[in-house]
Amino acid sequence: MAADRFNVLIVGAGHGGAQAAVALRQRKFEGSIAIIGEEPELPYERPPLSKEYLAGDKSFERILIRSAAFWGERNITMLTGHRVVSIQVDAKIATTAVGLEVGYDTLIWAAGGHPRRMSCDGHDLVGVHSVRSRADVDRMMNELDTVTQVVVIGGGYIGLEAAAVLTKLGKNVTVIEAQERVLARVAGVSLSHFYEDEHRAHGVNVRLGQVVESIEGHDGKAVGVRLGSGEVLSAQMVIVGIGIIPSVDPLLKAGADGGNGVTVDEYGRTTLPDIFAIGDCAMHPNPFAGGLPIRLESVQNANDMATTVARAVTGDLEAYHAVPWFWSNQYDLRLQTVGLSTGHDQEVLRGDPATRSFSVIYLKKGRVVALDCVNATKDYVQGKALVLGGAVVAPERLADTATPLKALLDA
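Residues numbered from 1 in each chain as written. Predicted model: local features only at pLDDT ≥ 70, side-chain atom pairs only at ≥ 80, totals over all residues. Heavy atoms only, no water.

Let us look at the overall build of the protein. A tally of helices and strands in the protein yields ten helices and 26 strands. Scaling as 2.2 N^0.38, a compact globule of 411 residues should have a C-alpha radius of gyration of about 22 Å, and the protein matches this with 22 Å. Counting all 411 residues of the protein, 52% fall into the buried class. Expressed as a percentage of contacts within the protein between residues at least 6 apart in sequence, the contacts between residues at least 24 apart total 59%. With the model as given, the accessible surface of the protein reaches about 17600 Å², and the carbon-plus-sulfur share is 49%. Considering the protein, the positive charge centre built from 39 side chains and the negative charge centre built from 48 side chains are found 4 Å apart. (Helix = DSSP H or I, 4+ residues; strand = E, 2+ residues; numbered from the N terminus. Rg over C-alpha atoms; globule rule 2.2 N^0.38 Å. Buried < 20%, exposed > 50% of the residue type's maximum accessible area, 1.4 Å probe, protein only. Contact = heavy atoms within 4.5 Å. Areas by Shrake-Rupley, 256 points an atom, 1.4 Å probe, with all protein chains shown as cover. Lys, Arg positive; Asp, Glu negative; His and termini not counted. Charge placed at Lys NZ, Arg CZ, Asp CG, Glu CD.)

A separate point is the packing of aromatic side chains. Counted according to the given criterion, the structure contains six aromatic pairs. Ring geometry for phenylalanine 194 versus phenylalanine 358: centroids 4.8 Å apart, planes at 70 degrees, classification edge-to-face. Taken together, the residues phenylalanine 194 in helix α6 (residues 189-201) and phenylalanine 358 in strand β25 (residues 357-364) connect sequence positions 164 residues apart. Exposure remark for phenylalanine 194: the relative accessible area of 8% places this residue in the buried category. The lysine or arginine in question, arginine 46, covers the ring of tyrosine 44, its NZ or CZ lying 4.1 Å from the ring centre. The ring of phenylalanine 60 has arginine 134 lying over it, and the distance from NZ or CZ to the ring centre is 3.9 Å. (Phe/Tyr/Trp six-rings, centres within 6.5 Å; stacked < 30°, edge-to-face > 60°. Lys NZ or Arg CZ within 6 Å of the ring centre and 35° of its normal.)

Before going further, it helps to spend a moment on the nonpolar core. Ranked by size, the top nonpolar core spans 52 residues in total, and within it Leu9, Ile87, Ile108 and Trp109 carry the most contacts. Considering every element that reaches this core, the biggest residue donor is helix α1 (residues 15-26), with six residues. Setting aside residues up to four positions removed in sequence, isoleucine 87 forms contacts with Ile93, Ala94, Tyr104, Leu107, Trp109, Pro250, Leu251, Ala254 and Ile275. With 40 residues, the next largest nonpolar core counts Phe60, Leu166, Tyr195 and Phe358 among its residues. (Core = buried A, V, L, I, M, F, W, Y, C linked by side-chain atoms within 4.5 Å.)

It is worth spelling out the sheet that holds strand β12 (residues 212-218) at this point. Read across the sheet, three strands follow the order β12-β13-β14 without closing on themselves; strand pairing throughout is antiparallel. What marks the edges here is a single partner per strand, and that holds for β12 and β14 (232-234). Along the sheet, successive strands turn relative to each other by an average axial angle of 30 degrees, direction set aside. Bridge count between β12 and strand β13 (residues 221-227): six bridges; the pairing is antiparallel. (Pairing = 2+ DSSP bridges. Axes fitted to C-alpha atoms, helices over the stretch in contact; angles between N-to-C directions.)

Right, let's talk about α1 for a bit. Helix length check: α1 (twelve residues) gives 16 Å between terminal C-alpha atoms against 16 Å at 1.5 Å per residue, within 8%. Of all the twelve residues making up α1, ten are buried; the element is thus mostly covered by neighbouring parts of the structure. Buried within α1 we find His15, Gly16, Gly17, Ala18, Ala20, Ala21, Val22, Ala23, Leu24 and Arg25. Just beyond α1, the residue with positive phi is lysine 28, at close to 70 degrees. (Expected span 1.5 Å × (residues − 1).)

This next bit is on helix α4 (residues 134-143). What α4 keeps buried is the set Asp136, Val137, Met140 and Glu143. The buried residues of α4 occupy an angular sector of 125 degrees when the element is viewed end-on, so they sit on one face. In this fold, the buried residues of α4 make contact with α2 (52-55), β8 (128-129) and β15 (237-240). (Arc of directions from axis to C-beta.)

Turning our attention to the side chain of glutamate 198. Within the secondary structure, glutamate 198 is located in helix α6. For glutamate 198, a relative accessible area of 11% corresponds to the buried category. If near-sequence neighbours (up to four positions away) are discounted, glutamate 198 is found in contact with Tyr331, Leu333 and Arg356.

Structural data, given as structure tokens:
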């Protein structure tokens, strides 16, 4: 079955897809635009899923990116509840799982990724959850009344945020991390240890260097997690937060370069004609990673890549050059990160973690490449300029809390 043909078809109704449509209209693009999304909902914010939405502090309506009226007023067609499974490059047609064919002149792929699943026995039991969509979290919330013990597999941001919320809801939570510290992929040692201590202080059982052998079940429901040591941890709910798999198979099967994501250039162009890709699934050259190709899973990256692609579609090529930033809320701790600490060779501690307000500044070959700021918004705001400029500042000056970071720009 065939649908209409659109001047721009956006596959993916997350932050990147929504921003691409908004940015095109802001740039006075008058052609037809459609967003096709796998979920039945209008575009909504993802970060609150493991925070305010799971905690019940925000309704779903409050995390919508824009109202239904907004999309209608801007003549942006919403094709919700459809998953694109193939692309006919020559015919410029995207086909969905139910056989709907949607034509395009330009395609913007913003499909993000799907949660990486456990491969062990019991991974498909009732009570085993990921935190990626509204439906995921709604299923969790519907089970919480019968849950007293939760095991979280994965000590990244999603796992730790879920652990913090569920602890506040009165659940007994254990976090299982295969590496020797939490946040090992994204933060330095000192920040990892700080968050381990914080979670333990709130009653979370943080287990490091542990491998999950299986998820135990009874009558089709999860009842525990068996570790490699043979120990079984009781649990009525298991949350798996071990990363995502980029949703790029239709592009790769159509001939696009890629692997762990789809390869794009500095303007978001894939190797397929008239097809761009943005957000979590786009392997792009990033100036803050030394120009190396990386994938960034963040709202900032999705939004800024969307703006870059909207410029390109409207004939204004400008290379993607946006400093990465991230945030995480756990308990009363607001972590704000700017830059990429991967590959750093020195950490500078600014402030005292015991006060629960401090920053970790990361250096690489003497240059500031990133900051992790805990309840230290001023450092985050001022430190961005140090990252942008690749500032070379003596570590002792960076550590001196009596000197504002902005005063070190020309140091």
